[in-house]
Amino acid sequence: QVQLVESGGGLVQPGGSLRLSCVASGRIFNINAMGWYRQAPGQQRELVASSTSSGSTNYADSLKGRFTISRDNAKNTVYLQMNSLKPEDTAVYYCKAAIRRDSRLLWSDYWGQGTQVTVSS
C-alpha cells in the first residue's frame with residue numbers, strides 16, 4: 001500500500017514561514033513527479049508547485065517566487081518552503097506523487113491526506 005504523509009503545517013503570522021514535508025512509503029518501484037496542491041474552503045484545488053524526478057520545477061505564477069519546492073529522492077520526500085506567507089495562503093495543502101508500484105505498470109497518482117496551513121495574526 002502506498003502512502004503519502006504530509007507534515008509541517010500549522011498556524012503562522014503573516015510574513016512568516018513554514019516548511020512542509022511529504023514522505024512516500026509502501027510498495028514503490030519508482031516515483032516520477034511530486035507536487036503540492038492546496039484547497040481553501042469553497043475553492044477549487046489548485047497547483048502550488050511540482051517537481052520532476054530530474055529536478056525541473058513548476059510554480060503557480062501567483063505565488064511570485066515566495067514558495068520553493070525541493071525533493072530528496074533517496075528519502076522519497078518532497079518539501080515545500082513557504083516564505084512571506086499571506087492570509088490568502090490559508091488552505092489545506094496536499095502532496096501528490098506519480099508512482100509506479102511495479103516496473104510493468106503505468107504511472108498512477110497518489111495523494112496525501114493534507115496538512116492545514118493557517119496564516120493569521
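Here the structure is shown first, and the text comes after it.
Residues numbered from 1 in each chain as written. Predicted model: local features only at pLDDT ≥ 70, side-chain atom pairs only at ≥ 80, totals over all residues. Heavy atoms only, no water.

**Overview of the pattern of salt bridges**
- Taken as a whole, this structure holds five salt bridges when the rule is applied.
- With its nearest N and O atoms 3.5 Å apart, the salt bridge here joins D109 to K96. Placement of D109 in strand β10 (residues 108-111) and of K96 in strand β9 (residues 91-100) is noted, with a sequence separation of 13 residues between them.
- Owing to a relative accessible area of 49%, D109 belongs among the partly exposed residues under this scheme.
- Through salt bridges with shared partners, a single ionic network connects R38, E46, R66 and D89. (Salt bridge = Lys/Arg side-chain N within 4 Å of Asp/Glu carboxyl O. Helix = DSSP H or I, 4+ residues; strand = E, 2+ residues; numbered from the N terminus. Buried < 20%, exposed > 50% of the residue type's maximum accessible area, 1.4 Å probe, protein only.)

**Let's talk about the sheet that holds strand β8 (residues 77-82)**
- Across the sheet, four strands lie side by side as β1-β3-β8-β7; this open sheet has antiparallel pairing. Each having just a single partner strand, β1 (3-7) and β7 (67-72) make up the two edges of the open sheet. Each neighbouring strand pair of the sheet contributes to a mean axis angle of 15 degrees, computed without reference to strand direction.
- In this sheet, strand β3 (residues 18-25) lies alongside β1 in antiparallel orientation, the contact comprising five bridges. Each bridged residue has a counterpart across the sheet, and for V5 the counterpart in β3 is V23. (Pairing = 2+ DSSP bridges. Axes fitted to C-alpha atoms, helices over the stretch in contact; angles between N-to-C directions.)

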